[in-house]
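Chain by chain, the residues:
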Amino acid sequence: MARPKAKAPTLRYHLSGQSVVTLDGKDYYLGKHDSPESLARYAVLIGIYQANGLKLPYDFDAELLDAKAAILTPRAPQPTHQAEQVLLVRHVTASYRTLIVTKYPHNPAELHRLGRICDETDTYEGDRRADDYGPLALQRQRQRWVAAGNSRVYCNRLTNAVVRMFKFAVSQELVKPETWQRLQSVEPLRIGQTPAPETEPRRPVPIEVVRETALHLSPVLKAMLRVQVATGMRPSEVCNIRPCDIDRRGAVWMFRPTKHKTANKGKRKAVPLVGDAREALTDYLNRDAMAYCFSPAESMAWFRANQRAKRQSKVQPSQASRAKQKPRKMPGERFDAGSYRQSIQRAAKRAGVESWHPYQLRHLAGTVVRDALGPEAAQALLGHANLSMTEHYAKITELKAVEAANAAPQL
């Protein structure tokens, strides 16, 4: 059953600073928000809407609102057309903030990054007319990122985010298409063109280093490492494993995550859990189907119990339990990519090995499988849509290059 029409649709605030109401699928802009003029126009418009059976007459002329609204307000009504309102860059960033909250609800790092871009844009260019924001303003903003010590690749990434923000503004009819097209003319920074530092390519971590690090981890984190090494999953995917996401009906268990990097594009992902991955997970499936398998609280409890077991001196009565009654911060219901990385890097420091992060395990799995079974097998394991992405993750090793050189023809 269809929802009945509202007798008085809500008067809303628009980014342009005006009051807006939607009737019969069309937006009517009524002037400065909450001003006497806008309220008078709203009263007249709703009166016509209700008198005509909750719809506007087919020959309705919005310009007649000013004459009728003048009776209700002592001042002459101001023009209602949105085109006559000055749209600033801060209106564009405000609109973009509403998008990113809904687009990246489970990606706090991206939310923080794009929110910071909006903040910086507001600080330096917020009072500029949106259609006057051009390539030179974008390059000045990029230069500030370079001066702050960001890498060349990261500066290009932030610059592209600003361009995408204005692309979204075009879709919302906040700026002209030409404004976005001008911003696209800004060439990305090339190697040697800027003093911005270059980032080192991400390399797989040696398996020996992983084993040394694992000796200083809790059983929970150790199981996460085993699963990630065996499957090549992204860190966030390992953190999000729940019993309900694992299909155990067949001979091979399949992890089918509901949240993953390409889920918003309609792509499905299935990760086979065999061998060490299945063995590592088995002990963590005996819990609520909707609960996360790897709990920070369990890891913290093991760590504290291990510390107490290693204690040499006698435990004094005052030291029996120092847990705070109302701690300011409690362990979360699951690890996220940040806390997972931090735990591993702390363990690597205790083990006295090089610092590394979980994403290098994905590169390790991709490289080993690629060398053993070929790029197509690595592509299937990592879940890439195209082979070029697999080549980015699983680079040809130096050993393969040496073999190729030995097989090359001789003059």
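Below you will find a few notes about this structure. (Residues numbered from 1 in each chain as written. Predicted model: local features only at pLDDT ≥ 70, side-chain atom pairs only at ≥ 80, totals over all residues. Heavy atoms only, no water.)

### Observations regarding a nonpolar patch on the surface
So, step 1. Among the surface-exposed residues, M300, W302 and F303 lie close enough to one another that they form a single nonpolar patch of about 260 Å² accessible area.
So, step 2. Looking at the element boundaries, M300 is found in helix α12 (residues 296-309).
So, step 3. Relative accessible area serves as the criterion here: at 35%, M300 is assigned to the partly exposed category. (Patch = residues over 30% accessible without salt bridge, like charges linked within 9 Å, V, L, I, M, F, W, Y side chains within 5 Å. Areas by Shrake-Rupley, 256 points an atom, 1.4 Å probe, with all protein chains shown as cover. Salt bridge = Lys/Arg side-chain N within 4 Å of Asp/Glu carboxyl O. Helix = DSSP H or I, 4+ residues; strand = E, 2+ residues; numbered from the N terminus. Buried < 20%, exposed > 50% of the residue type's maximum accessible area, 1.4 Å probe, protein only.)

### Examining the side chain of N150
So, step 1. By the element assignment, N150 lies in the loop between α5 (135-147) and α6 (152-171).
So, step 2. For N150, a relative accessible area of 18% puts it in the buried group.
So, step 3. A polar atom in the side chain of N150 sits 3.0 Å from the backbone oxygen of W145.
So, step 4. Once residues within four sequence positions are removed from consideration, N150 is found in contact with W145, C155, A196 and P197. (Polar contact = N/O pair within 3.5 Å; in protein donor to acceptor, adjacent residues only side chain to side chain. Contact = heavy atoms within 4.5 Å.)

### A few points about the pairing of strand β2 (residues 18-23)
So, step 1. Burial within β2 is extensive, with five of its six residues counted as buried.
So, step 2. Note: strand β1 (residues 12-13) against β2, two bridges, orientation antiparallel. By the bridge assignment, Y13 is partnered in β2 with S19.
So, step 3. Pairing between β2 and strand β3 (residues 26-32): five bridges, direction antiparallel. Directly across from Q18, in β3, lies its bridge partner K32.
So, step 4. Here β2 folds back onto β3, and the loop between the two strands holds two residues, one of which, D24, carries a positive phi near 55°. (Pairing = 2+ DSSP bridges.)

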